[in-house]
Amino acid sequence: MAKVLMKGNEALGEGAVRAGCRYFFGYPITPQSELPHYLAKRMPEVGGLYLQSESETAAANMVFGAAGAGARVMTSSSGPGISLMQEGISYIAGAELPCVIVNMIRGGPGLGNIAPAQSDYFQAVKGGGHGDYRLICLAPASVQEIIDLMQDAFDLADKYRNPVMLLADGVLGQMMEPVELGEEKIAEAPEKPWAATGRKKGGPKRLINSLYIVPEECEKHNIKLAQKYDTIRRNEQRWEEYRVDDATMILVAFGTCARICKAVVDSARNEGMAVGLIRPITVWPYPTDVITRVREKAEQFLVVEMNMGQMIEDVKLAVEGMRPVHFYGRSGGMMPVARDVFGEVKKLYNGGAA
Amino acid sequence: MFEGILIAGFGGQGVLSTGQLLAYAGMMEDKHVAWIPSYGPEMRGGTANCGITISDQPISSPVVSEPTVLIAMNRPSLEKFEPAVVPGGLILVNSSLINIKTKRTDVRTVYMPANDLAEELGNSKVANNIILGALLELTGVVSADAVLESLKKVLPPKRHNLIPVNAEALEKGRELACKFKEKKSS
């Protein structure tokens, strides 16, 4: 199969369609508008529905409804729009419904700007909305990986009856790269015996609900959710390792930052420094297992992010104080430059001397 | 092999599509390619630019902050981006619309009246491909054949009637680049 040149945002759309997604609700916002644009054209071709909602709040609740009826459904937005969706996302998580939410992160807080950022990490992996819940969060680093992860996103959502968030930044959305689409085989959504599709003459009552008015029952629900999250933590951690085997210094970065860090690792290796990279592919569940493993050999960690230091907290939790964890970041829509990251690496590698 | 190419001009000059054509051609030659547009808050008639990276290694950041090649289609683009070009790099100037010279002395600069030459070919819209033809000749980043092949993919079928004039434009650019090289060596 020949490769095609595709924008990250378009790949999200095509990946979703191929994963069997047939419903999209959303509201335009830069830097992800090419995704709804693409699906507005593509959904009708496959008998699906594209609807531009009146707001992001509405979109999240439309997703809630469609997911409750058993559909493979998706929405997407960026920073401010994702904030508006948080109420609906909490309800979806509480009602244990599968769906996929894309956040093409831009500079914040507030209105911020439309340039690439990773500053919605906390919001994505620590909750975001109210209540005790988790989103499964996937962080692709290339247009090809976007295509590949979209299928996994819908499968994981259905497997665990949990919302899945795809976390990327404006650069990944806007850039074009060659992708291998493979054969156009469109996945079918699995049977969902819990879905509220109508009783059809005396069938069992199916209720989609996040209301547990009796505290004892609500606690029981929370414990059940927590057990599910533990299972996900055990089974679904994903990451990529790059030249870590003998590394005494480990860079940790996801998404676009990880691409830059890979080049930094190569530069460091060319100068004889034992530096490697761990790239989380799931940022929730966080790939704690690999950090726990490499912290035996590694003498120090350097976390590189497009924010002022968010994922570093998860790295520190995994390192458990056994090694120093340093940070290098750019924020507000600025991107790290390989040369600057390499400078930081050299300084740390030589014990703090420039 | 690594080229970070920045193409800049105003909206409507084919800046983004020229970049896509180049990226497509690189992909057809099995190279690593990435294309990224500027997507800042631009006004209508404002500036547009895109970065294309073509390499035999995987591409780290797709953002072209230190171009090896700059194609400046209008004056603001030349003024804005010429300081960023790496020493020893290449600047291609559309002298039909740019009446100043570059300040850089540590790069190769080629001036081409691309719009006027395009008019001579009978289609003002192929100015970008005249410059692209020169770029191919001067850098060898991708082959002209790959670009011609890519035109078939990038242009919708109803526009395939424009392929011959685009091919002429590429050839015109190549000839000019050859003359530039001869002048340099003599």
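Because the structure is a prediction, the values reported are computed rather than measured.

Draft legend 1. Region of interest: unusual backbone geometry. Residue Pro31 of chain A is reached from Thr30 of chain A by a cis peptide bond, and omega for that bond is 10 degrees. Going from Trp284 of chain A to Pro285 of chain A, the amide bond is cis rather than trans, its omega being 0 degrees. Summarising the element assignment, Pro285 of chain A is placed in the loop between strand S12 (282-284) and helix H10 (288-294). With a phi angle near 55 degrees, Arg243 of chain A is a residue other than glycine that sits in the positive phi range. For Arg243 of chain A, the location among the structural elements is in the loop between strand S9 (239-242) and strand S10 (249-252). In this model, Asp30 of chain B sits at a positive phi of 60 degrees, which is unusual for a non-glycine residue. Within the secondary structure, Asp30 of chain B is located in the loop between helix H1 (15-28) and strand S2 (32-37).

Draft legend 2. Molecular detail of the sheet that holds strand S11 (residues 275-280) of chain A. Residue and element names in this part refer to chain A. Spatially, 5 strands are ordered S9-S11-S10-S13-S14 in an open sheet, and the strand pairing comes out mixed. The sheet is open, and its two borders are formed by S9 and strand S14 (325-329), each paired with just one other strand. In this sheet, adjacent strand axes meet at a mean angle of 20 degrees when their direction is disregarded. Summarising the sheet, strand S13 (residues 300-305) and S14 pair through 5 bridges and their orientation is parallel. Across the sheet, Val303 pairs through a bridge with Phe327, a residue of S14.

Draft legend 3. Layout of the pairing of strand S1 (residues 2-10) of chain B. All names here are of chain B. Where burial is concerned, most of S1 is hidden: 7 out of the 9 residues are buried. Here S1 runs beside strand S3 (residues 47-55); their pairing, made up of 9 bridges, is antiparallel. Directly across from Gly4, in S3, lies its bridge partner Thr53. When S1 meets strand S4 (residues 69-72), the two strands line up parallel, connected through 4 bridges. Paired with Ile5 across the strands is Val69, a residue of S4.

Draft legend 4. The arrangement of the UniProt feature "domain: Pyruvate/ketoisovalerate oxidoreductase catalytic" (unreviewed entry) in chain B in detail. As annotated in UniProt, the feature "domain: Pyruvate/ketoisovalerate oxidoreductase catalytic" (unreviewed entry) corresponds to residues 11-175 of chain B in the numbering used here. Helix makes up 40% of residues 11-175 of chain B and strand 18%, whereas the separation of the span's terminal C-alpha atoms amounts to 27 Å.

Draft legend 5. Spotlight on the interface of chain A and chain B. Across the boundary between the two partners, chain A contributes 21 residues, which contact 18 residues of chain B. Taken together, both faces of the contact between chain A and chain B bury some 1500 Å²; the carbon and sulfur share is 69%. Between the two partners, chain A and chain B, sit 1 salt bridge. Measuring nitrogen to oxygen at the nearest pair gives 2.0 Å for the salt bridge that ties Glu66 of chain B to Arg339 of chain A. Inspection of the chain A/chain B interface yields 4 residue pairs in polar contact (both at pLDDT 80 or more). Of all the secondary structure elements, the ones that give two or more residues to the side of chain A that touches chain B are strand S1 (4-7), helix H7 (170-174), strand S8 (176-179) and helix H9 (255-270) of chain A. Each residue belonging to the side of chain A that touches chain B can be placed in one class, and the counts come to 13 nonpolar, 3 polar and 5 charged.

Draft legend 6. Spotlight on the sheet that holds strand S4 (residues 73-77) of chain A. Residues and elements named next belong to chain A. With respect to topology, 7 strands assemble into an open sheet ordered S3-S2-S4-S5-S7-S6-S12, the strand pairing being mixed. Two strands lie at the open edges of the sheet, namely strand S3 (49-52) and S12, each paired on one side alone. Taking the axes of each pair of neighbouring strands and ignoring which way they run, one obtains an average angle of 20 degrees across the sheet. As judged from the 2 bridges shared by strand S2 (residues 23-26) and S4, these two strands associate in the parallel manner. Bridge assignment links Tyr23 to a residue of S4, and that residue is Val73. Contacting S4, strand S5 (99-105) and strand S7 (163-169), helix H1 (residues 8-18) runs over the sheet at an angle of about 175 degrees to S5. Here helix H4 (residues 79-94) sits on the sheet in contact with S4, S5 and S7, set at roughly 160 degrees to S5.

Calculation rules
- Residues numbered from 1 in each chain as written.
- Chains lettered and ligands numbered in written order.
- Predicted model: local features only at pLDDT ≥ 70, side-chain atom pairs only at ≥ 80, totals over all residues.
- Heavy atoms only, no water.
- Helix = DSSP H or I, 4+ residues; strand = E, 2+ residues; numbered from the N terminus.
- Pairing = 2+ DSSP bridges.
- Axes fitted to C-alpha atoms, helices over the stretch in contact; angles between N-to-C directions.
- Buried < 20%, exposed > 50% of the residue type's maximum accessible area, 1.4 Å probe, protein only.
- UniProt positions renumbered as here; feature names shortened; annotations may be inferred.
- Contact = heavy atoms within 4.5 Å.
- Buried area = accessible area lost by both parts, 1.4 Å probe.
- Salt bridge = Lys/Arg side-chain N within 4 Å of Asp/Glu carboxyl O.
- Polar contact = N/O pair within 3.5 Å; in protein donor to acceptor, adjacent residues only side chain to side chain.
- Nonpolar A, V, L, I, M, F, W, Y, C, P; charged D, E, K, R; others polar.

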